[in-house]
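So you can see what is in the structure, the chains are spelled out below.
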Amino acid sequence: MTLGRAAYILMLLSPGIGLIVVFIGAVVYIAVAQSFGYYNLIGESGFSWSFWIEGIDRKSYLRAVRYSLYVGLTSAFLSVALAYPLALWLRKPFPGSMTISAILKAPLLVHGIVAAFLFLNVISYHGILNQMMVWLGIFDEPRRLQNDEHAIGLIFLQVWKNMPFALLLLTGAVQAISDDVLNAAQDLGAGAWQRFLTVIAPLTVSAMQASLIIIFIGALADFTFQTTIGPTNERSLAQYMTFMKDRGRWNDAAVVGVTLMALSLAGSVLLAVVSRLAFRGRRK
Amino acid sequence: MIARLRIDQAPILVLLLICTLWLLIPFTMAVLWSLVDPSGTWTPDTLLPPVISLYRWEFMWNNSLLQPALLNSYTLAPTAAVVTLLLAMPTAYALGRYDFPGKETVKLIALLPLVVPTFVTAIFFSSILFQMGLAQYRFFAILLAHAVLFLPFAIRILTVSFEQVRQDHVDAARDLGASPLERFRVAYWPALKPGIMATLLIVFIQSIEEFAIAYIVGTPDFTTVPTLLYSQLGQDFNRSNAAVLALILAVPNVILMLILERFLKSANPALSSGKG
Amino acid sequence: MLNRLMSATAALALTLSLAPAQAQTMDWDAVVAAAQEEGEVTWFVWYFEDRFREFTKAFTEEYGIEVRIPDGDHIANIDKMIAEAGRETGDIDVLAYGFDQLPNINPELFIALDGLPADEGRVATVAGIEGGAVAVAYWGNQTGIAYDPAKIADEDLPQTPEDFAAFWTSNPGQFGFNYENGGSGPSFYMSVLRAVSDVDFSESDDSAERIAALQGGIDFFNEHADDYVITASNADSITRLSDGEFTMVAAWEDHLAGLQVNGEVRDEIRFYIPEMGMFGGGNAVSIPANAPNANAALVFVDWLTSPEVQSRFNVEFGTAPMNLAADDSAALVSMEMRERQTAWPMRPFRDAVEAHFIDAVILER
């Protein structure tokens, strides 16, 4: 690579990547420094391992890490798994496809907080869902469905909110696959699942990675859904961090914050690598 | 041929049914909640609210920050979408069309804004603003922060788009002596258009939804829709008032969705470029 | 009336503001004139913003000063004030916050309120926390138990931890409280911990021994874990009670009253403070040192803490008035019952108890 070409690439990167590095760099620097005892808002500042040592040792810390990873990964996989068949189905227009596509994408334009609030009303003890189940005779009496301990309601809402996002990305990618390629695969006798593994997935791996990663990070750091409809016997990392921050424990909050960043990063790399290894290898 | 391409439809239809019900039922309930008059509490044992009035609608329109919040959010979001798109284009072009050492690293760096929890970003960004004496330029500060926060989305999506530009089309256009502009129109635009639309759409939505930055940097002069919703639907929610807000805020979104659906349709490469 | 109020306030553990009516550097009329010149005041309050916007129209009518109330969050408002302390002119004219937050805030960030006209009825110390010269109370509140009288008779209401345990056992799933998003649930479980274990809750010491001494209370909650319900917030508890899901929930008196006046919660729902005692306190207002409209802020604080406004708060929001000359006849609980109020535990002990309760009870569910 010549010097001139390198300069050209750098010039192209500077408005996007350059801005990110400067802006986020400052913020990350301060968060990391705080987790080691620097930049205290109140009291003395100075290097210390103690916030990390004590922080990681807390039971609630590990619980929050485990729980957030569960929510992040489950939401990402389910959203993408649901989006694929829909994207393929909507690949070519047919009567009614516009309406279907609009219904599916509606969640993008309903605020997360609004969705959580409406969802809560539907599944509440005397909500319409319970009343219907009792009327149908499926439930003997209303059941307590809100804040369920396996976070089913929360993951339902995460998927509902994020699936359209994956759909948006995947639709573009799937539409870019030419019919010739799909036909060729079919002529070679590949079944639907085979076709997905050997043709569709490898050709859309970029969009798949993007959807997985973006949904994973969003769900991992979720706060609003967790505090309204999440299980009351679990805390997400963002919730745990806010809990610390609200009590003025900035250094402890920074430990959780840095953990959250590290998990986002590690999880994203893992998802990117796994999806690439799983599907790029099959190409050709 | 299309028929054979379809995956088993039964689960998809069930999903559609759920999606439709899940849109219809909550919003119907929200309409009812919004009509509850303060003089009569609506309890689950009655099908409809005992006293119906438009009191809540009047109250919220007059006493909540709904009006400025709508104006602010719907000015900020489209601006953020365009700015983010412009900032992301060169980077996405480099990532999508060139191979260079450290490309994977650059892709990871592009994800950084997503990795940092927004509340952390918000607090330290506002502190930087204060130190630089720029805190009164709230609109521009939030705009900048939103642009940075949503660059990862824009870069990822546009990189995918640039990757899908077919080199044989570019080469063919060049071999036929097309001008750079012409080459862009013929070879790049069809592949980029869906990506650009998706970027604008996603950044717009993210900006409309973003809470931490808007709150920390924006208060008190700059109320956005999420800061408003947070205060109304958060821990001290009042179902009827919240229902009014949820409904009022759904209207511009529905209109927007119709417009965007049209955009996306016209941006469909399989339809517009005759490709495939 | 005055006599009754005096005893009530003694029960509320309130003391008078002893700030002397100092020789004021500026005549009050001049302050009002300067305030009107400023023309607006920004009040940061974290709850009932819409209703306060409507309520403060009376202030605008009286003084011609616009009141701006942004939507906010309790801690975020305080954080914002602290973050902006370095600026010459901030955004906040009047900051509202819970008295229990006061020890966390450096008083030098506020101006002294000795510019206010003398009013002996004003309250500056709530539940053992002294506002000193910088903070004055405008909102009195009490935690307790909200109940549905159709499901439980007054004489059967649980009064002690044992009573609650008995109620839980015979009525599983009928009692709810939150552990976050509001203080009503924390008040309930800490009051039980306080009653069951031998720890002095008025000490701020958060040593491991003191936390370990709570074990009896922790076991109490774990033994009955299946019979009570953890809710998501103050509002969630009350809403579900009103909808008929629960018989009893932990609640704030003012929150319940406010929702009833608003037609959000059934009027039949009632409220009591159990004999074991539950925490009560209040909210304060202060004026940041870099307030952009300091004169208007003073006039607003004077208006907010006046007997007239405090009486109206009592009617419209169900608060305990924070001016001794105010009328509190619209309250949900009797004066006798108010004597059961206890003071919130001191931080950092309180924070340590909350963190321990979450680890040892909530996360074990």
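On a predicted model such as this, the values are computed, not experimentally measured, just so you know. (Residues numbered from 1 in each chain as written. Chains lettered and ligands numbered in written order. Predicted model: local features only at pLDDT ≥ 70, side-chain atom pairs only at ≥ 80, totals over all residues. Heavy atoms only, no water.)

Caption draft 1: Spotlight on the overall build of chain A. A tally of regular secondary structure across chain A gives 13 helices and zero strands. Mapped from its N terminus to its C terminus, chain A presents α and β elements in the order α-α-α-α-α-α-α-α-α-α-α-α-α. Taking all 284 residues of chain A together, the buried fraction comes to 59%. Considering only intrachain contacts with a sequence separation of at least 6, the fraction spanning at least 24 residues in chain A is 72%. (Helix = DSSP H or I, 4+ residues; strand = E, 2+ residues; numbered from the N terminus. Buried < 20%, exposed > 50% of the residue type's maximum accessible area, 1.4 Å probe, protein only. Contact = heavy atoms within 4.5 Å.)

Caption draft 2: Spotlight on the pairing of strand S5 (residues 123–126) of chain C. Residue and element names in this part refer to chain C. Pairing analysis gives two bridges linking S5 to strand S6 (residues 129–130), with the strands arranged antiparallel. The partner of valine 126 across the bridge, within S6, is isoleucine 129. Adjacent in sequence and paired antiparallel, S5 and S6 are bridged by two residues, among which alanine 127 carries a positive phi angle near 50°. (Pairing = 2+ DSSP bridges.)

Caption draft 3: Fine view of the packing of aromatic side chains. Within the structure shown, the criterion is met by 67 aromatic pairs over all chains. Ring centres of Phe52(C) and Phe313(C) lie 5.9 Å apart, and the angle between their planes is 50°; on these two criteria the pair is classed as tilted. Within this pair, whereas Phe52(C) is found in helix H3 (residues 49–55), its partner Phe313(C) is found in helix H13 (residues 307–317), the two being separated by 261 residues in sequence. The two residues Phe52(C) and Phe313(C) agree in class, both being buried. Their ring planes at 55° and their centres at 5.8 Å tell us that Trp168(C) and Phe175(C) sit as a pair that is tilted. The ring of Phe243(A) is capped by Arg235(A), whose NZ or CZ atom sits 4.5 Å from the centre of that ring. (Phe/Tyr/Trp six-rings, centres within 6.5 Å; stacked < 30°, edge-to-face > 60°. Lys NZ or Arg CZ within 6 Å of the ring centre and 35° of its normal.)

Caption draft 4: Focus on the pattern of salt bridges. Counted under the stated rule, the structure contains 30 salt bridges over all chains. Here Arg185(B) and Glu182(B) are joined by a salt bridge, their closest N and O atoms 3.5 Å apart. Of this pair, Arg185(B) and Glu182(B) both sit in helix H10 (residues 180–209), three residues apart, which is roughly one turn of the helix. Glu182(B) gets classed as partly exposed once you look at its relative accessible area, which sits at 35%. Among the ionic contacts, a cluster of salt bridges with common partners joins Asp100(C), Arg347(C), Arg350(C), Asp351(C) and Glu354(C). (Salt bridge = Lys/Arg side-chain N within 4 Å of Asp/Glu carboxyl O.)

Caption draft 5: A look at the interface of chain B and chain C. Taken together, the 31 residues of chain B in the interface contact 37 residues of chain C. Interface area for chain B against chain C, summed over the two sides, is near 2900 Å², with a carbon-plus-sulfur share of 47%. Where chain B packs against chain C, one counts three salt bridges. Counting every contact that joins chain B to chain C gives five residue pairs in polar contact (both at pLDDT 80 or more). Of all elements in the fold, only helix H3 (55–63), helix H11 (212–218), helix H12 (225–233) and helix H13 (239–266) of chain B reach the threshold of two or more residues within the side of chain B that touches chain C. No other element matches the five residues that H12(B) contributes to the side of chain B that touches chain C. Each residue belonging to the side of chain B that touches chain C can be placed in one class, and the counts come to 13 nonpolar, 13 polar and five charged. (Buried area = accessible area lost by both parts, 1.4 Å probe. Polar contact = N/O pair within 3.5 Å; in protein donor to acceptor, adjacent residues only side chain to side chain. Nonpolar A, V, L, I, M, F, W, Y, C, P; charged D, E, K, R; others polar.)

Caption draft 6: Quick peek at the interface of chain A and chain B. Residue-level contacts link 88 residues of chain A with 86 residues of chain B. Summing the contributions of chain A and of chain B, the shared interface buries around 8100 Å²; its carbon and sulfur component is 81%. The largest per-residue losses of area from chain A upon contact with chain B belong to Phe23(A), Leu109(A) and His111(A), which jointly make up 9% of the total buried on that side. For the pair chain A and chain B, the interface holds zero salt bridges. Summed over the shared surface of chain A and chain B, the result is four residue pairs in polar contact (both at pLDDT 80 or more). It is helix H1 (residues 3–35) of chain A that contributes the most residues to the side of chain A that touches chain B, 19 residues altogether. For the side of chain A that touches chain B, the residue count by class is 62 nonpolar, 18 polar and eight charged.

Caption draft 7: View of the UniProt feature "transmembrane region" (unreviewed entry) in chain A. UniProt marks residues 7–32, 67–90, 102–123, 196–221 and 253–279 of chain A with the feature "transmembrane region" (unreviewed entry), using the numbering shown here. End-to-end, the C-alpha atoms of residues 7–32 of chain A are 32 Å apart, and along that stretch the chain is 100% helix and 0% strand. (UniProt positions renumbered as here; feature names shortened; annotations may be inferred.)

Caption draft 8: Representation of the domain arrangement of chain B in the model. All names here are of chain B. According to the domain assignment, chain B consists of domain 1 (1–64) and domain 2 (65–272). In this complex, domain 1 contributes 13 residues to the contact, which on the side of domain 2 involves 14 residues. When domain 1 packs against domain 2, the two sides together hide about 1400 Å² of surface, and 73% of this comes from carbon and sulfur. Inspection of the domain 1/domain 2 interface yields zero salt bridges. For the pair domain 1 and domain 2, the interface holds four residue pairs in polar contact (both at pLDDT 80 or more). Of all the secondary structure elements, the ones that give two or more residues to the side of domain 1 that touches domain 2 are helix H2 (10–34) and H3. With six residues, H3 is the largest single contributor of residues to the side of domain 1 that touches domain 2. (Domains from an automatic or database assignment.)

Caption draft 9: Looking closely at unusual backbone geometry. Omega for the bond connecting Arg347(C) with Pro348(C) falls within 30 degrees of zero, at 5°, which places this linkage in the cis form. Within the fold, Pro348(C) resides in the loop between strand S13 (341–343) and helix H15 (349–360). In this structure, Asn147(A) is a non-glycine residue whose phi angle is positive, near 55°. Inspection of the secondary structure assignment puts Asn147(A) in the loop between helix H6 (128–136) and helix H7 (152–175).

Caption draft 10: Highlighting the packing of helix H4 (residues 66–97) of chain B against H12(B). Residues and elements named next belong to chain B. Relative to each other, H4 and H12 sit at 140°, their axes nearing to 8 Å. Of the residues in H12, those in contact with Leu66, Ala69, Leu70 and Ser73 of H4 are Val225, Pro226 and Leu228. Here the contact of H4 with H12 is composed, by residue class, of six nonpolar, one polar and no charged. (Axes fitted to C-alpha atoms, helices over the stretch in contact; angles between N-to-C directions.)

Caption draft 11: Expanded view of the UniProt feature "transmembrane region" (unreviewed entry) in chain B. Residues and elements named next belong to chain B. Per the UniProt entry, the sites bearing "transmembrane region" (unreviewed entry) are residues 12–36, 74–96, 108–130, 136–158 and 242–260 in this numbering. Note that residues 12–36 is 92% helix and 0% strand, and that its end C-alpha atoms are spaced 37 Å apart. Split by type, residues 74–96 is 100% helix and 0% strand. Its first and last C-alpha atoms lie 31 Å apart.

Caption draft 12: Layout of the UniProt feature "domain: ABC transmembrane type-1" (unreviewed entry) in chain A. Taken from the UniProt record, the annotation "domain: ABC transmembrane type-1" (unreviewed entry) applies to residues 65–271 of chain A. Structurally, residues 65–271 of chain A is divided into 74% helix and 0% strand, and its ends, taken at the C-alpha atoms, are 17 Å apart.

Caption draft 13: Structural view of the nonpolar core. Residues and elements named next belong to chain C. Ranked by internal contacts, the top residues of the largest apolar core, which has 247 residues, are Phe175, Phe177, Phe188 and Phe221. Residues contacting phenylalanine 177, with those up to four places away along its chain left out, are Gly185, Phe188, Tyr189, Phe221, Tyr228, Val229, Ile230, Thr231, Ser237, Ala250 and Phe357. Listed in part, the 38 residues of the second largest apolar core include Val31, Val32, Tyr47 and Ile65. (Core = buried A, V, L, I, M, F, W, Y, C linked by side-chain atoms within 4.5 Å.)

Caption draft 14: Structural view of the pairing of strand S8 (residues 175–178) of chain C. Residues and elements named next belong to chain C. Judged by which residues are buried, S8 turns out to be covered on both faces: Phe175 and Phe177 on one side and Gly176 and Asn178 on the other are all buried. The sheet contact formed by S8 and strand S10 (residues 248–252) spans two bridges and is parallel. Bridged to phenylalanine 175 within S10 is methionine 248.

Caption draft 15: Spotlight on the packing of helix H2 (residues 50–57) of chain A against helix H3 (residues 59–89) of chain A. Residue and element names in this part refer to chain A. With their axes 5 Å apart at the nearest point, H2 and H3 run at an angle of 70° to one another. Relative to H3, the element H2 lies roughly perpendicular. Contact residues: H2 offers Trp52, Gly55, Ile56 and Asp57, while H3 offers Lys59, Tyr61 and Leu62. In terms of residue class, the contact of H2 with H3 is built from four nonpolar, one polar and two charged. (Parallel < 35°, antiparallel > 145°, perpendicular 65-115°, else oblique.)

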